[in-house]
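# A closer look at the structure
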Amino acid sequence: MAKVKNSPPKLFLHFFRWYCHPRMLDYIEGDLMEVYERNVKVSGKRKADRKFILDVLLLFRPGIIRPRRPYQNLNTYSMYKSYFKIGWRTLLRNQEYAVINIAGLALSITCCILIFALISHHLGFDDFHPEKADTYRIVTEMQSETASYSSGVPTPLGGLIRENQTFWKYIARTYKAPNILVTLKNDRESLKYKEPEGIVFVEPDFFGIFDFPLSKGSFESVLKEPNTAVITERLSKKYFGDDDPVGKSLWVDNTLALTITGVLRDLPSNTDFRSEIVVSYPAFTTYMPWLASENFWSGISGNFQCYTVLNPGVSVGQVEEALAYYAKEYPIGSNTKNIYHLQGLSDIHFNAKYGGAMDKSSLWILSAVGLFLLLTACVNFVNMATAKALRRSKEVGVRKVMGGHRWQLFWQFVFETGIITTLSVVLAVISSLLLLPGINNFFNTQLSARLFADIDVILFILILDVSITLLAGFYPAFILGGFKPIAALKGKIPLQQIGGFNTRRALIVSQFVISQVLVISLLVVVNQMRFAKQSDLGFDKESIVMVEMGSDSVKMNHALKNEFMRIPGVEKVALCSNAPASSDNWNTDLQFDNREGELDFLVNMKLVDEDYASVFNLQLVSGRDLLPSDTVREVLVNEALLHKLGIATAEEAIGRMVTVNAGSMSGPIVGVIKNFHDQSFHREISPTVFTTKAGNYSSFAIKLNPHVGKSSLKQIQGIWLTNYPDQLFEFSFLDESIARFYETEETLLKGVKLFSFIAIFIGCLGLYGLISFMVAQKTKEVGIRKVMGGGVSHIVWLFGREFVRLILIAFVIAAPIGWYLMSNWLQDFEFKIQLDLWTFGIAIGCSFVIAAVTVGYQVIRAAVVNPAVSLKTE
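Before going into details, it helps to say that this report is about the structure given with it. Just so it is clear, the model here is predicted, and its values are computed rather than measured.

Taken as a whole and judged by the stated rule, the model has 44 aromatic pairs. Relative to Phe273, the ring of Phe206 lies with its centre 6.3 Å away and its plane at 75 degrees, an arrangement referred to as edge-to-face. Here Phe206, found in helix H7 (residues 206–209), pairs with Phe273, found in the loop between strand S10 (256–264) and strand S11 (277–280); they are 67 residues apart in sequence, far enough to count as distant. Comparing Phe206 with Phe273, the two get one shared label, buried.

Structure representation (structure tokens):
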């Protein structure tokens, strides 16, 4: 067993080396070490350490302290030119080293730039409005058996506040009608456009609250008259080309005629107000009179919203206290307690409870990922640089013998790092520009190349360049600049001076931890998505197309149904309000049998005809199907409703009365349908009621023969357009609509895949750096072992056991982290997979494969080299 050599406290030893005059350093340090070793033998290490510290402090006196260097002007052109030449030549001589470092840094910097751009984009949503700090949206919290939230308020609330309260400076009610049909009529033809962002009806204060400037017209007059509208420059170009749109007309959903009175400048990309047709509020009473009624307190539409700017000095608490009066005086339902809150403008984009488009935590996760990738690349650079240190020791020795100072060498190596970093930044900026369209498509944003002219982004890139140069270059420069000239020329640099393994091991373990957590996350997300897509939903979703009706005419819809049935390839047709699984559900109250009052939960109401269950292959567990009828005469319910009502068997429910929609629909239960998933797997199965009501159907559900579906669809379109020449034919396949339930998860899956790949790739660069260092250090040991009879497998294991140990340590850390993170993620699903051992086994298996592929070449090359060559090289 090797004898452990005692060493004095390193901190004070470094302190002594720092202040001692270089001319006396070797002599005095030698004496100090001799005294220290003698004290260790006589008094033990602890007392020897104390005496060593005391000696170092007593020696700190004039005559020994190194003199101050005269000031030298470092900022000379020739010096930097020399640094650049040396650095450039070094890169050309070590092209493999340069390519690996530049690739790793460029990749991580590209991610950082794009992540910064994304975060800036989202944090800047609607921050351009003049009084953003005092602007709020009034939102509603509804409490019954469970709490629910709406971004809307009852229609009359805004008007009552305007008449009776003084806390507001501006107040405006708005209603957004999405996915509308715009028709332009002239003497020759009618042009039709489908606008997914729809129109928004606004009260006059809207343009006092929000800063959407006009390019034509004035705010005092544009929406003063009923049935007037302003459109954006983009829509003006789309509808009228270069003609002036002011004074021209357009039709909305073929029912509402609007006269254009002004033109808005195009909306910025960082606003949640996306409707490009703004309509005067009085037109709302024509478009949707029942919702526009000033007496409509019994319901809330999330699209009907109210915004206000508070007067100076008014607090949120004061306003919410005033709003509590209206919640009490005008309740929404007999068993529902509503509470009105103020939601700040800056919260609208991020608050998922009220329909926010972006979860803020996702931005912080992205920030952490970017920081991690950057640090990982810097760590790899340090590993590679120190691994190369031995090969540059003679260069350092020569420079020092020729009079080079440590600080000069330090800045030379930092300058070399700066060259690599700057090249990486240039590549990263180019890559970011090229990847921008893909990022916009990936994250559904509208970032433009002009982003890189933004002063914040430019500053960020400059700060990134300097920070990486200092972060990645400091340690190698400090180590290389500190080599002793004689030891450097002899190539006998102590291992500790180059940097021990432990720091590198810790960094490599952290890289394995992150990559294993990402692999675990990836596997769990993939398995959950597969589970959601491949599980039996309780109904058929394949080859079913949903076609929107063109009118509310019962007679016309029945006639069209019969015409569709005659098309070859159409197997079945049903009339309905929506499909069994839909994001557009109608939740309403319920009264059951002879129980008094409404129950404290809502039911999912589906209006369907007698063929609905057959088209979707819904399974009856008891009773019979609905009989043909145009009015509400009887109902079907699902098993979830029986469970909510506490009814043990389906047979017990048959014949009992159900009343919904505030008592307006009532009928006996004639059948019970087996449970099916009416929403995504995030939510539990809703208690559901089915009944017939012909005037409220909105879609045809058409079951196609999968072998002739495309030609049948063309014939359906032809018949539909023949009957509704003024409409646009709209359809959607049910399986595609259901897939959109999981758009967020699909984006997350893509993100996890992308960042897993990048993290693993950068981690591989780190492994490559470490194995280079290990091979360089153990060349002589390898040669000796081979001379003593060690085979290739023995040499491979000599290096491989190090990585096996690191991977196992990383797995011990990564497994609980991955389990915790993914368990929390799965909590958002009512129906989910269970975490199994295979997931963790695959994660650690991937780590072994990645490590073997990355380090295998270097290790095998070291193992097969002739031992004579190894010994000579060393």
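Spatially, the four strands line up as an open sheet ordered S15-S24-S14-S25, and their pairing is antiparallel. Each edge of the sheet is formed by a strand with only one pairing partner; in this case those strands are strand S15 (570–576) and strand S25 (731–733). Going across the sheet, the axis of each strand differs from the next one's by a mean of 20 degrees, ignoring polarity. Direction of pairing for strand S14 (residues 544–548) relative to strand S24 (residues 699–704): antiparallel, over a ladder of five bridges. The residue of S24 that forms the bridge with Val545 is Ile702. Across the sheet, helix H20 (residues 554–565) touches S15 and S24, and the angle it forms with S15 is around 165 degrees.

Take the pattern of salt bridges next. Summed over the entire model, instances satisfying the criterion amount to 17 salt bridges. Across the salt bridge formed by Arg17 and Glu29, the nearest N and O atoms sit 2.8 Å from each other. Of this pair, Arg17 sits in helix H1 (residues 10–19) while Glu29 is found in helix H2 (residues 22–43), placing the two residues twelve residues apart along the sequence. For Arg17, a relative accessible area of 29% puts it in the partly exposed group. A residue is classified by how much of its surface remains accessible, and Glu29, at 12% relative accessible area, is buried. One salt bridge connects Lys216 with Asp244, and the closest N-O pair in it is separated by 3.4 Å. With Lys216 in strand S7 (residues 214–216) and Asp244 in the loop between helix H8 (233–240) and strand S9 (249–252), this residue pair connects regions lying 28 residues apart in the sequence. The exposure class of Asp244 is partly exposed, given its relative accessible area of 40%.

Let us now look at helix H29 (residues 837–864). Taking 1.5 Å of rise per residue, the 28 residues of H29 would be expected to cover 40 Å, and the 38 Å separating its terminal C-alpha atoms lies within 8% of that figure. Its axis deflected by about 50 degrees at Gly856, H29 carries its strongest bend there.

Below, the discussion takes up the pairing of S15. In terms of burial, S15 is a largely internal element, five of the seven residues being buried. Relative to S24, S15 is paired through six bridges, and the arrangement is antiparallel. Note that in S24 the partner of Leu575 across the bridge is Phe700.

Their axes nearest at 7 Å, the elements helix H15 (residues 406–443) and helix H16 (residues 455–481) cross at an angle of 145 degrees. Considering only the axes of H15 and H16, their crossing is right-handed. Seen from H15, the contacting residues are Arg406, Leu409, Phe410, Phe413, Val414, Thr417, Gly418, Thr421, Thr422, Val425 and Val429; seen from H16, they are Ile461, Asp465, Ile468, Thr469, Ala472, Gly473, Phe474, Ala477, Phe478, Leu480 and Gly481. The residue makeup of the contact of H15 with H16, split by class, is 13 nonpolar, seven polar and two charged.

Here the phi dihedral of Asp126 falls at roughly 55 degrees; this positive angle occurs in a residue that is not glycine. Along the polypeptide, Asp126 turns up in the loop between helix H5 (95–123) and strand S1 (135–143). The backbone of Asn254 sits at a positive phi, close to 60 degrees, despite the residue not being glycine. Structurally, Asn254 is set in the loop between S9 and S10. The class of Asn254 is partly exposed, set by a relative accessible area of 23%.

Criteria and thresholds
- Residues numbered from 1 in each chain as written.
- Predicted model: local features only at pLDDT ≥ 70, side-chain atom pairs only at ≥ 80, totals over all residues.
- Heavy atoms only, no water.
- Phe/Tyr/Trp six-rings, centres within 6.5 Å; stacked < 30°, edge-to-face > 60°.
- Helix = DSSP H or I, 4+ residues; strand = E, 2+ residues; numbered from the N terminus.
- Buried < 20%, exposed > 50% of the residue type's maximum accessible area, 1.4 Å probe, protein only.
- Pairing = 2+ DSSP bridges.
- Axes fitted to C-alpha atoms, helices over the stretch in contact; angles between N-to-C directions.
- Contact = heavy atoms within 4.5 Å.
- Salt bridge = Lys/Arg side-chain N within 4 Å of Asp/Glu carboxyl O.
- Expected span 1.5 Å × (residues − 1).
- Bend = angle between axes of the 7 residues up to and from the residue.
- Left-handed = near helix turned anticlockwise from the far one by under 90°.
- Nonpolar A, V, L, I, M, F, W, Y, C, P; charged D, E, K, R; others polar.

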